[in-house]
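Observations on the three-dimensional arrangement
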Amino acid sequence: MQTASRPVPERHDEYDSVFLRACVKEQHKVTHLQLSEHTTAYVNPWLVPWHLRPRCDSTELTVADYSEDLRKRLLRLIDADLRAHPSKSCDARELQQADRLMRYVSHTVVQHGAALHTHKTSRDECLTMTRRDLMHICRRGEYVAETPSNPHWERGQPMQLTDDTIVRVGQRKPTTVEKRIAQHLAGPDVNIRGPQGRIGDLLEQAQPHLLSLDTGRCIRYALELRRRLVDLLREKHVFSAEDQRRAIEWIADAWHASLPPRATQQLELYIADWAKPVPALIEQHFSPETISTREGFESRRFLLEQCTIERALETHGGDETRIRQDLELLFGVWWDAMARHNLALCDYPTLGLAFLAGNARYSSAPEFVRHLGNVQ
């Protein structure tokens, strides 16, 4: 059955900007799942980082439209390739029997492309994971769904892929034809590990925009700050207390400099509450009733940011357990409000800076640098 889809942009910068906005729609499915099950073990490649805001404010296009566009392009190329270079393992005519495989492949490639566009993976990692998915089909005889957007998620059974990753295994198993085509796409040598392989060459021809970035129609926030932080931690594995202090101070300065006038008014309104213990502050200002509306959350959002940065700046050597607990409580309010109102972090750069300050306090140096994204 053919799926009706809307055309995706042809220009690379427009393709990327609209794609990121389409990803925003998908990220909340995972966020709601994480909150309802009280776990972060679900993969969320759709989460657009705070420092990358697409100029496209809204779109009717969805991730499914991007997947369907890729499916059609890929199908034409595979058909032409098999006819021009016949394979012993599969025949071009068998593609008609592999519709489910092609829909799965196109979706997972778009998912890995999303992780690339949201600065979670590289091009090589994107292609490596695509080959991994294909090899899982032909060797394990399973369709693995990593997010609720995957066509095999709804009827899949939960599986603990790693200690910190939960996926679902599709109820329907791949057919013999689907396995052979999956193996053909993963080739020519199915034993190699890495990005090289037939599927990479086909994807490069079918939709090269998915495998590279063009941020020409995106706003890149705090670029100079992020570059300074990368330089500070270059080739360091240990995030020392001194480096943490310096990093958080830089982040705090950038946060203050980027506040809009209404933020200053809001902070002045609640200045008497700044020094209160975090549990009391949350009870007073961030109760479920207060943040049940977007207006309620917005009326105190900058207070939440201020408190997060202040707790991150507290002197090392004090009550580290309390500081960690305070930050976890503050981040819990943030995630709850963002998920409740389907807000995108990329539309809240000052909140992203506050979150980054908290990450600086307890992340390792390599982990923190990953939060900074692409600074080139």
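Above this text sits the structure in question.
The model shown is predicted, which means the values in this text are computed figures rather than measured ones.

1. Some details on the overall build of the protein chain
Across its full length, the protein chain carries 15 helices and five strands. Taken over the C-alpha trace, the protein chain has a radius of gyration of 23 Å; the compact-globule value for 376 residues is 21 Å, and the two agree within 12%. In terms of overall dimensions, the protein chain has a C-alpha envelope of 75 × 45 × 40 Å along the principal axes. By the burial criterion, 54% of the 376 residues in the protein chain qualify as buried. A sequence separation of at least 24 residues applies to 76% of the contacts in the protein chain between residues at least 6 apart. Of the side chains in the protein chain, 50 bear a positive and 52 a negative charge, and the two mean positions are spaced by 5 Å.

2. Overview of the packing of aromatic side chains
Tallied over the full model, the rule gives ten aromatic pairs. Here the aromatic rings of F239 and F368 are separated by 5.3 Å at their centres, their planes lie at 45°, and the arrangement is tilted. Linking F239 in the loop between helix 7 (223–233) and helix 8 (241–258) with F368 in helix 15 (residues 365–371), this pair joins segments that are 129 residues apart in sequence. Both rings, one in W334 and one in F355, keep their centres 4.8 Å apart while their planes meet at 15°; by these two values the pair is stacked. Taken together, the residues span a long stretch of sequence, with W334 in helix 13 (residues 320–340) and F355 in helix 14 (residues 349–362) at a distance of 21 residues.

3. Points about the state of the cysteines
Taken as a whole and judged by the stated rule, the model has zero disulfides. Cysteine C126 shares no disulfide, and the gap to the nearest cysteine sulfur, in C23, comes to 12 Å. In this structure C218 is a free cysteine whose sulfur lies 9.0 Å from that of C346, the closest cysteine sulfur available. Using a relative accessible area of 7% as the deciding quantity, one classes C218 as buried.

4. Observations concerning the nonpolar core
Y66, L74, I78, L101, I181 and L203 are the most contacted members of the largest nonpolar core, which totals 61 residues. When contributions to this core are tallied by element, the ones reaching two or more residues are helix 1 (12–37), helix 2 (63–84), helix 3 (99–117), helix 4 (123–140), strand 2 (144–145), strand 4 (165–169), helix 5 (176–186) and helix 6 (198–206). It is helix 1 that contributes the most residues to this core, nine residues altogether. Not counting residues up to four positions away in its chain, the partners in contact with L101 are I137, Y143, E178, I181 and A182. One finds L232, A247, Y270 and V333 within the second-largest nonpolar core, a separate group that totals 52 residues.

5. Quick word on the sheet that holds strand 3 (residues 157–162)
Pairing is antiparallel in the open sheet, where three strands are placed in the order 2-4-3. Each edge of the open sheet is held by one strand with a lone partner, namely strand 2 and strand 3. Bridge count for strand 3 against strand 4 is five bridges, and the pairing is antiparallel. Note that in strand 4 the partner of T162 across the bridge is T165.

6. What to know about unusual backbone geometry
Across the junction of G187 and P188, the peptide omega takes the value 10°, indicating a cis bond. Among the structural elements, P188 can be located in the loop between helix 5 and helix 6. Here H119, not a glycine, exhibits a phi torsion of approximately 70°, which is positive. Tracing the backbone shows H119 in the loop between helix 3 and helix 4. The exposure class assigned to H119 is buried, which follows from its relative accessible area of 17%.

7. Topic: the environment of R193
Relative to the elements of secondary structure, R193 occurs in the loop between helix 5 and helix 6. The exposure class assigned to R193 is exposed, which follows from its relative accessible area of 79%. Distance from R193 to R132, taken between C-alpha atoms, is 8.4 Å for residues 61 residues apart in sequence.

8. So, the environment of A98
Its place among the elements puts A98 in the loop between helix 2 and helix 3. We classify A98 as buried; its relative accessible area is 0%. Put simply, A98 and D231 are 133 residues apart on the chain and 49 Å apart in space, counted from C-alpha to C-alpha.

9. Observations regarding helix 4
Compared with the 26 Å implied by 1.5 Å per residue over 18 residues, the 25 Å span of helix 4 between its first and last C-alpha is a close match. Buried within helix 4 we find C126, L127, T130, R131, D133, L134, M135, H136, I137 and C138. Here the buried face of helix 4 lies against helix 3, strand 2, helix 5 and helix 6. Of the residues trailing helix 4, G141 is marked for its positive phi of about 65°.

10. Concerning the pairing of strand 4
Of all the five residues making up strand 4, five are buried; the element is thus mostly covered by neighbouring parts of the structure. Both strand 2 and strand 4 contribute to a ladder of two bridges, which runs antiparallel. Residue A145 lies in a different strand from strand 4, and its bridge partner there is R168. Taken together, strand 3 and the strand that follows it, strand 4, pair antiparallel across an intervening segment of two residues.

11. Regarding the packing of helix 2 against helix 3
The angle between the axes and the distance between the axes are what describe a pair of packed helices. Here helix 2 crosses helix 3 at 120°, and the two axes come no closer than 8 Å. The orientation of helix 2 with respect to helix 3, classified from their angle, is oblique. In terms of crossing hand, the pair formed by helix 2 and helix 3 is right-handed. Residues V63, Y66, S67, E68, L70, R71, L74, L75 and I78 of helix 2 form the contact with helix 3, whose participating residues are D99, M102, R103, V105, S106, H107, V109 and V110. Partitioning the contact of helix 2 with helix 3 into residue classes produces ten nonpolar, three polar and four charged.

Reading the values: the criteria
Residues numbered from 1 in each chain as written. Predicted model: local features only at pLDDT ≥ 70, side-chain atom pairs only at ≥ 80, totals over all residues. Heavy atoms only, no water. Helix = DSSP H or I, 4+ residues; strand = E, 2+ residues; numbered from the N terminus. Rg over C-alpha atoms; globule rule 2.2 N^0.38 Å. Buried < 20%, exposed > 50% of the residue type's maximum accessible area, 1.4 Å probe, protein only. Contact = heavy atoms within 4.5 Å. Lys, Arg positive; Asp, Glu negative; His and termini not counted. Charge placed at Lys NZ, Arg CZ, Asp CG, Glu CD. Phe/Tyr/Trp six-rings, centres within 6.5 Å; stacked < 30°, edge-to-face > 60°. Disulfide = S-S within 2.5 Å. Core = buried A, V, L, I, M, F, W, Y, C linked by side-chain atoms within 4.5 Å. Pairing = 2+ DSSP bridges. Expected span 1.5 Å × (residues − 1). Axes fitted to C-alpha atoms, helices over the stretch in contact; angles between N-to-C directions. Parallel < 35°, antiparallel > 145°, perpendicular 65-115°, else oblique. Left-handed = near helix turned anticlockwise from the far one by under 90°. Nonpolar A, V, L, I, M, F, W, Y, C, P; charged D, E, K, R; others polar.

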